[in-house]
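Take a look at the letters that make up each chain.
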Amino acid sequence: MTGSPSLLKRHIPAGRGEGDKTVHTPFLRVEETGKVFEMGADVTTVGRGSGVDIALTDPSVSRLHAELVRRGAYVYVTDLGLSTNGTRVNGRPVGRRVLCDGDVVTFGMARARVGGVVTPAEAPDETVELRRVAAPDLTRREVEVLTSLCRPALAQDAFVAPATAHDIADELVVTEAAVKQHLLRLYQKFRIAEGVNRRARLANEVLSLGVVRPLPANGDERVRRAG
């Protein structure tokens, strides 16, 4: 993901408004190290853990901290809610926000600058909060699968991963293959792109939309993000 010096000369302009070079691939430059990561995929993950696309070593960064998503003409950042330090764009805390060329995105305390991003002409501001879509129509079985998927995050105070397909199958007394088919349909309904931690991303979206809520038996229980 990091660019070589020769690659940077071809794709990265010297500064905003300088020259007439065209950048075809959005990129993120980490200010502390100077490393440059191209955002060539539909979803680019950011965090301190193994397996992420953009690995940051700052201890304030969560293992899976945020995602950078390319959707049509837009590139936006989504904070995954797994860290108390959060994600900021130009100093403002965000949940999900469209990015513009030159924006400074801060993951915890790690700062990075966005480049090569073309902001759609209809965007009224330099950074635009995306409207959260309504939850799609779900069958009773799909709601049961989502409830089982998110149960670990609803029942624990500590950071936990969502339930596996095997765990869901055991709870609902169905086959694991059937659960995987339900999950595939749910990924499509909630528009969860392919990539790492897909179950976690589905669980986060479900919880943030309020599709699954804590059990009423524990009135003081808080909804926790899955990881």
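For the structure, check the block above.
If you're wondering where the values come from, they're calculated on a predicted model, not measured in any experiment.

Student: Tell me about the nonpolar core, residues and numbers included.
Tutor: In terms of nonpolar packing, the biggest core is built from 22 residues, with L146, I168, L183, L186, F190, L202 and V206 touching the most fellow members. For this core, the secondary structure elements donating two or more residues are α2 (140-155), α3 (165-172), α4 (176-189) and α5 (198-208). Other than its neighbours up to four places away in sequence, F190 contacts P136, L138, L146, L202, E205, V206, L209 and V211. In terms of nonpolar packing, the next biggest core, distinct from the first, is built from 21 residues, L28, I54, V77 and L99 among them.

Student: Account for α3, with residues named and values stated.
Tutor: Inspection of α3 places A165, I168, A169 and L172 among the buried residues, and these make up the whole buried set. Considered in projection along α3, the buried side chains sweep an arc of 100° and stay on one side of the axis. Looking one or two places after α3, you find V173, whose phi comes out positive at around 55°.

Student: An account of the pattern of salt bridges is requested, with residue identities and associated values reported.
Tutor: In the structure shown here, the tally under the stated rule is eight salt bridges. Measuring nitrogen to oxygen at the nearest pair gives 3.7 Å for the salt bridge that ties R140 to E144. With R140 and E144 both in helix α2 and four residues apart, this pair spans about one turn of that helix. Overall, the relative accessible area of 26% leaves E144 in the partly exposed class.

Student: Got a sec to walk through unusual backbone geometry? Specific residues and values, please.
Tutor: Positioned with a positive phi, N90 is a non-glycine residue whose angle comes to about 50°. By secondary structure assignment, the location of N90 is in the loop between β7 (87-89) and β8 (92-94).

What counts and what doesn't
Residues numbered from 1 in each chain as written. Predicted model: local features only at pLDDT ≥ 70, side-chain atom pairs only at ≥ 80, totals over all residues. Heavy atoms only, no water. Core = buried A, V, L, I, M, F, W, Y, C linked by side-chain atoms within 4.5 Å. Buried < 20%, exposed > 50% of the residue type's maximum accessible area, 1.4 Å probe, protein only. Helix = DSSP H or I, 4+ residues; strand = E, 2+ residues; numbered from the N terminus. Contact = heavy atoms within 4.5 Å. Arc of directions from axis to C-beta. Salt bridge = Lys/Arg side-chain N within 4 Å of Asp/Glu carboxyl O.

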